Amino acid sequence: MEKPNYTQDYDKLLRSLYRAIIFLSVFAVLMALGLIYYALLGNPFGSQAAAPAAAARQEAPAPVPSPTADERIEDGIHLATGLRVAEGFDVVRANCTGCHSGKLIAQNRATRDGWQEMIRWMQRTQGLWQLGENEAVILDYLAANYAPQEIGRRANLDVEAIEWYILKE
Ligand code: HEC
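All of these numbers come straight from a predicted model, not from anything done at the bench.

Draft legend 1. Looking closely at the overall build of the protein. From N to C terminus, the protein includes six helices and three strands. For the protein, the α and β elements follow one another from N to C terminus as α-α-β-β-β-α-α-α-α. Across the 169 residues in the protein, those meeting the buried criterion constitute 15%. Sequence-distant contacts, at least 24 apart, represent 46% of the contacts inside the protein between residues at least 6 apart. Counting only carbon and sulfur atoms, one obtains 60% of the accessible surface of the protein, whose full area is about 14300 Å².

Draft legend 2. How the structure looks around the coordination of the iron atom of the ligand. The protein atoms that coordinate the iron atom of the ligand are His 100 (NE2) and Met 122 (SD), at distances spanning 1.9 to 2.0 Å. Coordination at the iron atom of the ligand comes from six donor atoms whose angles at the metal span 87 to 179 degrees, giving a geometry best classed as octahedral. Remark: Met 122 occurs in helix H5 (residues 112-125) and His 100 occurs in the loop between helix H3 (89-96) and helix H4 (102-106); sequence separation between them is 22 residues. Of the residues examined, His 100 reaches a relative accessible area of 24% and is grouped as partly exposed.

Draft legend 3. Looking closely at the nonpolar core. Counting 16 residues, the largest nonpolar core has Leu 83, Trp 115, Ile 138, Tyr 141, Leu 142 and Tyr 146 as its most contacted members. In contact with Leu 142, other than residues within four places in its own chain, are Ile 105, Trp 115 and Ala 147.

Draft legend 4. A look at the site of the ligand. In the region of the ligand, 18 residues are neighbours, and Cys 96, Cys 99, His 100, Met 122 and Gln 126 sit closest. At a separation of 2.7 Å, a nitrogen atom of the ligand approaches a polar side-chain atom of His 100. Among the secondary structure elements, those contributing two or more residues to the shell around the ligand are H3, H4 and H5. Residue classes in the shell around the ligand are distributed as 13 nonpolar, five polar and no charged.

Draft legend 5. Expanded view of the packing of H3 against helix H6 (residues 134-145). Packing of H3 against H6 leaves a shortest axis separation of 9 Å and a crossing angle of 110 degrees. The angle between H3 and H6 falls in the class roughly perpendicular. Seen from H3, the contacting residues are Phe 89, Val 91, Val 92, Asn 95 and Cys 96; seen from H6, they are Asn 134, Val 137, Ile 138 and Tyr 141. For the contact of H3 with H6, the class distribution of residues is seven nonpolar, two polar and no charged.

Draft legend 6. Examining the environment of Thr 125 more closely. Here Thr 125 lies in helix H5. Of the residues examined, Thr 125 reaches a relative accessible area of 45% and is grouped as partly exposed. Within the local environment of Thr 125, its side chain forms a polar contact with the backbone oxygen of Trp 121, the two atoms lying 2.8 Å apart. Within polar-contact distance, the side chain of Thr 125 engages the side chain of Gln 126 at 3.2 Å.

Draft legend 7. The arrangement of H3 in detail. Taken residue by residue, H3 has Phe 89, Val 92, Asn 95 and Cys 96 as its buried positions. The buried side chains of H3 occupy one side of the element, clustering within an arc of 145 degrees when seen end-on. Exposed side of H3, more than 90 degrees from the buried face: Asp 90 and Ala 94 are the residues found there. Those residues of H3 hidden inside the fold are in contact with strand E2 (77-78), strand E3 (83-84), H4 and H6.

What counts, and where the lines are drawn
- Counting restarts for each chain, with residues numbered from 1 along the sequence as it is written.
- Under the rules for a predicted model, residues below a pLDDT of 70 receive no local features and side-chain atom pairs below 80 are neither given nor counted, while totals for whole chains, interfaces and linings still include all residues.
- Only heavy atoms go into the side-chain values, all of them from the structure, while hydrogens and water stay out.
- Each helix corresponds to a stretch of at least 4 residues labelled H or I by DSSP, and each strand to a stretch of at least 2 residues labelled E; elements are numbered beginning at the N terminus.
- Exposed residues in this analysis have more than 50% of their type's maximum accessible area, buried residues have under 20%, and partly exposed residues fall in between, with area computed by a 1.4 Å probe over protein chains only.
- Only heavy atoms enter the contact rule, under which two residues are in contact if any of them lie within 4.5 Å.
- Residue exposure ignores everything except the shown protein chains as possible cover, and the areas themselves are Shrake-Rupley values with a 1.4 Å probe.
- Each metal's donors comprise the N, O and S atoms found within 2.8 Å of it (within 3.2 Å for Na, K or Ca). Water is not part of the atom list, so some coordination spheres may appear incomplete.
- For four-coordinate sites, all angles between 85 and 135 degrees define a tetrahedron; for four- and six-coordinate sites, opposite donors beyond 155 degrees with the remaining angles between 65 and 115 define square planar and octahedral shapes respectively, and all other cases count as irregular.
- Think of a nonpolar core as a cluster: buried Ala, Val, Leu, Ile, Met, Phe, Trp, Tyr and Cys residues, connected wherever their side-chain atoms sit within 4.5 Å.
- Whether a residue is near a molecule or strand is decided by its heavy atoms; if any one of them lies within 4 Å of it, the residue is near.
- Under this definition, polar contacts are N or O atom pairs within 3.5 Å; protein pairs additionally need one hydrogen-donor-capable and one acceptor-capable atom, and for neighbouring residues in sequence, both atoms have to be side-chain atoms.
- Any residue outside Ala, Val, Leu, Ile, Met, Phe, Trp, Tyr, Cys, Pro, Asp, Glu, Lys and Arg is labelled polar, Gly included; the first ten of those are nonpolar and the last four are charged.
- To get an axis, fit a line to the C-alpha atoms, keeping to the stretch in contact for a helix; angles then go from 0 to 180 degrees between the N-to-C directions.
- In what follows, roughly perpendicular refers to angles from 65 to 115 degrees, roughly parallel to angles under 35, roughly antiparallel to angles over 145, and oblique to any angle outside these ranges.
- For this quantity, the arc is that covered by the directions from the helix axis to the C-beta atoms.

In structure tokens:
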């Protein structure tokens, strides 16, 4: 009866173990490369399907309005916000047009105190944030551009120039 050669068996085992380790390392490296590719370039399997859609999009670009279109100013009025372009406009635009249209502001007239009242009211009830040192800039802008309109601006009647006539009986 043949005696089992343990050394040979051990060698065989060791060799297959090495092979397994090499195989697993190669596998791991490939996985890592795949992940890096995926992270940098996106899903390689999805891109095939997305490519024609992207091509179609390029052929017929959506009529996106030019971002500068809304920045037009006519007669000193910034069309997009309806606000007068003057000193402090940028600060007002940044702080006052997030919740409602600037047109709501342009429709109102008040003194500096009146404007401060409105701001306080919005801060109390509408979640308007603290304006810090911007508040003075905003109030200056509002008081200058949206002050109460003077009453009696109409030219006085020129009595001499009126052609009076007598009602006939
Ligand atoms: C956090 C949100 C918010 C911000 C920011 C904001 N408002 Fe208002 N404001 C409101 C709300 C809400 C109303 C009530 C709207 C309505 O009645 O339709 C209002 C109303 C107004 C009105 C109308 C008041 C009235 O009596 O009819 C004016 C004027 C106004 N805001 C000016 C401003 C100014 C100036 C700023 C910048 C300092 C500003 N708002 C910033 C929320 C805000």
